[in-house]
Amino acid sequence: MVVQICVGSSCHLKGSEEIVELLQKAVAEHQLESEITLAGNFCVGQCNRVGVTVQVDDDVYTGVTPAAFDTFFKEKILKKLQEGA
């Protein structure tokens, strides 16, 4: 699985650095380093008023915030990994 975090200007201002850190921590805590590749990307044209854009394989999610991160990680990443297994 490839998880790409937007680091373009808009998402950077909305906290993409913190989302990157949260993703790194969550991947390590769940020992998923061999299953998930984290990468940065620039604007995919899905800017939202709140939060950061994150692409999980071919699925694009907008508005990812630190407050909603745990739910995002469980529902969009862990669940997808479990379904693919």
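In case you missed it, the structure is sitting above this.
Residues numbered from 1 in each chain as written. Predicted model: local features only at pLDDT ≥ 70, side-chain atom pairs only at ≥ 80, totals over all residues. Heavy atoms only, no water.

1. A few points about the nonpolar core
By size, the foremost hydrophobic cluster in this structure holds 22 residues, and its most contacted members are F73 and I77. Listed by contribution, the elements that provide at least two residues to this core are β1 (2-6), α2 (16-29), β3 (52-56), β4 (59-64) and α3 (69-84). Of all the elements, α3 adds the most residues to this core, at six residues. The residues contacting I77, other than those within four sequence positions of it, are M1, V3, L23, I36, V56 and F72. (Core = buried A, V, L, I, M, F, W, Y, C linked by side-chain atoms within 4.5 Å. Buried < 20%, exposed > 50% of the residue type's maximum accessible area, 1.4 Å probe, protein only. Helix = DSSP H or I, 4+ residues; strand = E, 2+ residues; numbered from the N terminus. Contact = heavy atoms within 4.5 Å.)

2. Here we look at the pairing of β3
Within β3, five of the five residues are buried, which leaves the element mostly enclosed by the surrounding structure. Both faces of β3 are covered, namely the face carrying V52, V54 and V56 and the face carrying T53 and Q55. Strand direction decides the pairing type here: β1 and β3, joined by three bridges, are antiparallel. The residue of β3 that forms the bridge with I5 is V54. With four bridges joining them, β3 and β4 adopt antiparallel strand pairing. When the sheet's bridge partners are listed, V56 is paired in β4 with D59. The hairpin formed by β3 and β4 contains two residues between the paired strands, and D57 there has a positive phi angle of roughly 55°. (Pairing = 2+ DSSP bridges.)

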